[in-house]
Amino acid sequence: MHSESKTKYYSHLVKLIIAMIVLGVAGFFARQLFSPESMGEYGHYRGADIEDQKNVPVRLQTNESCFQCHKPVRRIHKKGVHKSVSCEVCHGPYADHVKDGKKIGMLPVKKGKEITHLCLRCHNKVIQARPRTSIKMVGMPEHLQEKKVRIENTCDQCHMVHDPLLWINQAKEMIGIKEEM
Amino acid sequence: MIDIKKEIQQDRRAFIKKVLGGTIAGSLLLVIPATAQEVAEEIPGMRAEDSVFTKKKFVFIVDITACIGCGSCCVADKAEYNVPDHNYRTWVERYIIDDHDGVYVDSPNGGLDGYTKPREGLPYPTRDTFFVPKLCNMCEDPSCVQVCPVGATYKTNDGFVLVDKTRCVGCSYCIQACPYSVRFINPVTRTAEKCTWCYHRVRKGLLPACVSVCPVHARKFGDLSDKTSEVWKILHEPHVISVLKPDMGNKPALHYLGLRREVV
């Protein structure tokens, strides 16, 4: 009689403990089931993500990659004052143009006023924040007025885009030769 | 069809020779790519590293005294990752400090379209003006990693702070936690995104896209464990170098050359 009442007295605690153990075990297995396999391999993250991150496709290449096919541009650009300027900033990413070594699409080529806009992105004097030691700048339209041409003229009429001093130096050379004679 | 039959009948040997010649030439074309090969390694020794984490210690240095604010880096970054419009993994800010110590900052479209106009309507003459490119600071103690509830943002043993797209639930805690505001929720994937210093390129031996395209070499990236590297020299010789918000205690691996104290 006495012992029976004692069991009754503790039974709710026992039930509670069993329930907690069951929940704990279920929770443990649920966690195993739902967290990815490589979770916690190197820390509190999915270890396999490092491999995934490595495999993000590369879309931009280097100027060298363009030179492999564009030999004429290579001859001009590599030696010119624009050798540090990226082809892909002016033309677009490699991945839109070449895949597995074959041309898959065309890259845009800027024309007319767009070219002037492109040049002024780097060479516009009105942007005072540009350090003068980094780049030579021109004021517009003063630069064109100085050269005595109409201000509608675009930059590529005198500057070869891939080496802006190419034609100018050639012209200077020719004048120099004439002066010598 | 009829022609081929005729040809075979005329001279079997010659025909077989012709076909064989064709196939050999064809297979040669496949073997020798007439075109693009892999470009040379830009980070020495990188392609030889095959362990999970590299043994290098990378740092990024931005030279404020060289940056011309052309936005080439922004163009390259957008193209490399197809970043949706009005979100920026890297951007360029223009600072103007006037002779009354007023500080004005602007960044039209993150500098993606370049700077075309001078800033107008400021009350006092300009004392100092310069560009500050911004990107992930790759903190040694990243607050974004601490707050992520699902282990989606993590720091690798070689110092890269990355976001696991498959784990991220888009709760934006990390965006709140980042002292440098480099994170955003990608409207397409609805997960947190930020600059990774082009982890995928670096692991393949290429420089980060923004470093590769910078025409004035204002962005420098390299290995601090290599004492011959440019970055080692900059950080170990007298230079005006600083990090952003040093008192936050995040210990960024992104350093700035010629940083003014007004920059935040």
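Sequence positions are assigned chain by chain, starting from 1 and proceeding in written order. Chains and ligands are labelled by the order in which they are written, letters from A for the one and numbers from 1 for the other. With the structure being a predicted model, the display of local features is reserved for residues of pLDDT at least 70 and the display and counting of side-chain atom pairs for 80 or more, all residues being used for whole-chain, interface and lining totals. Values shown for side chains rest on all heavy atoms present in the structure; no hydrogens or waters enter the calculation.

Participant: Just to check I follow, could you spell out the layout of surface pockets for this structure?
Facilitator: Over the atoms a probe the size of a water molecule is rolled, and this reveals where empty space is left. Residue and element names in this part refer to chain B. Every definition here rests on a 1 Å grid over the protein atoms only: cavities are sets of points where a 1.4 Å probe fits but cannot get out, pockets are open sets enclosed by protein on both sides within 12 Å along at least five of seven lines, and lining residues have some atom within 4 Å of a point. Grid points are joined across faces, edges and corners, and a volume is the space filled by probe spheres set on the points. The volume enclosed by the second largest pocket comes to roughly 580 Å³. Looking at the second largest pocket, it is lined by 31 residues, and the ones nearest its centre are Glu42, Ile43, Leu207, Val211 and His217. Broken down by element, the residue count for the lining of the second largest pocket peaks at four residues, all from strand 9 (residues 219-223). Secondary structure is summarised from DSSP: a helix means a run of H or I of at least four residues, a strand means a run of E of at least two, and numbering begins at the N terminus for each.

Participant: When you look at the packing of aromatic side chains in this model, what are you seeing that I'm missing?
Facilitator: Think of a pair of aromatic rings as described by two things: how far the centres are apart, and how the planes are tilted against each other in angle. Centre distance within 6.5 Å is the pairing criterion for rings of Phe, Tyr and Trp, where only the six-membered ring of Trp is used; planes under 30 degrees apart are then read as stacked, over 60 as edge-to-face, and the remainder as tilted. Here the structure, examined in full by the defined rule, presents 13 aromatic pairs over all chains. Taken together, a centroid distance of 5.4 Å and an interplanar angle of 70 degrees make the contact between A:Tyr9 and A:Tyr10 edge-to-face. Geometrically, the ring pair formed by A:Tyr45 and B:Tyr154 is stacked, given 3.9 Å between the ring centres and 10 degrees between the ring planes. Taken together, the positions of A:Tyr45 in the loop between helix 1 (2-34) and helix 2 (49-54) and B:Tyr154 in strand 5 (residues 153-155) put the pair across two chains. We call a residue buried when its accessible area falls under 20% of the maximum for its residue type, exposed when it is over 50%, and partly exposed in between, using a 1.4 Å probe and counting protein chains only. Under the relative-accessibility criterion, A:Tyr45 is labelled buried at 3%. What makes B:Tyr154 buried here is its relative accessible area of 1%. Pairwise contacts between aromatic rings join B:Phe58, B:Phe60, B:Phe160, B:Trp197, B:Tyr199 and B:Phe221 into one cluster. Only Lys NZ and Arg CZ are tested; either one counts as a charge over a ring when it is within 6 Å of the ring centre and within 35 degrees of the ring normal. Directly above the aromatic system of B:Tyr81 lies the positively charged group of B:Arg89, at a separation of 3.5 Å from the ring centroid. Sitting above the plane of the B:Phe130 ring, B:Arg260 keeps its charged end 4.2 Å from the centroid.

Participant: In this structure, what is going on with the domain arrangement of chain A? I would like to understand it.
Facilitator: By a frequent convention, interface size equals the accessible area lost on bringing the separate parts together. Where each domain starts and ends follows an automatic or database-derived domain assignment. Taken as a whole, chain A is organised into domain 1 (2-54), domain 2 (58-109) and domain 3 (110-176). Here the C-alpha centre of domain 3 of chain A lies 70 Å away from the C-alpha centre of domain 1 of chain A.

Participant: When you look at the side chain of A:Gln61 in this model, what are you seeing that I'm missing?
Facilitator: Take A:Gln61: it is sitting in the loop between helix 2 and helix 3 (63-67). Contacts are residue-level and defined by heavy atoms, with any inter-residue pair within 4.5 Å sufficient. Ignoring sequence-local partners within four residues, the contact set of A:Gln61 consists of A:Glu88, A:Tyr94, B:Val39, B:Arg201, B:Leu206 and B:Ser212.

Participant: I tried to follow the pattern of salt bridges on my own but got confused; where do I start?
Facilitator: When charged atoms on two side chains of opposite charge get close, those side chains can pair. When a carboxyl oxygen of Asp or Glu is within 4 Å of a side-chain nitrogen of Lys or Arg, the pair counts as a salt bridge. This model, assessed by the stated rule, comprises 21 salt bridges over all chains. For A:Lys147, the salt bridge identified is with A:Glu146, shortest N-O distance 3.9 Å. Taken as a pair, A:Lys147 and A:Glu146 share a single burial class, namely exposed. Put simply, B:Lys56 and B:Glu49 hold a salt bridge, and the shortest N to O gap is 3.4 Å.

Participant: Just checking my understanding: could you explain the environment of B:Tyr180 for this structure?
Facilitator: All names here are of chain B. Inspection of the secondary structure assignment puts Tyr180 in the loop between helix 5 (173-177) and strand 7 (184-185). Along the primary structure Tyr180 and Leu244 are separated by 64 residues, whereas in three dimensions their C-alpha atoms are 8.1 Å apart. Non-local contacts of Tyr180, meaning those with residues more than four positions away in its chain, are made with Trp91, Asn137, Cys139, Leu244, Lys245, Asn250 and Pro252.

Participant: Just checking my understanding: could you explain the interface of chain A and chain B for this structure?
Facilitator: Residue-level contacts link 43 residues of chain A with 55 residues of chain B. Once two parts are brought into contact, the accessible area they lose, counted with a 1.4 Å probe and summed over both, makes up the buried area. For the pair chain A and chain B, the summed buried area comes to about 4000 Å², and 58% of that belongs to carbon and sulfur atoms. Summed over the shared surface of chain A and chain B, the number is one salt bridge. A salt bridge links A:Arg46 to B:Asp164; its shortest N-O distance comes to 2.8 Å. Counting of polar contacts relies on pairs of N or O atoms within 3.5 Å, with two restrictions inside protein: one atom must be capable of donating a hydrogen and the other of accepting it, and residues adjacent in sequence are counted only when both atoms are side-chain atoms. At the junction of chain A with chain B, the criterion picks out 16 residue pairs in polar contact (both at pLDDT 80 or more).

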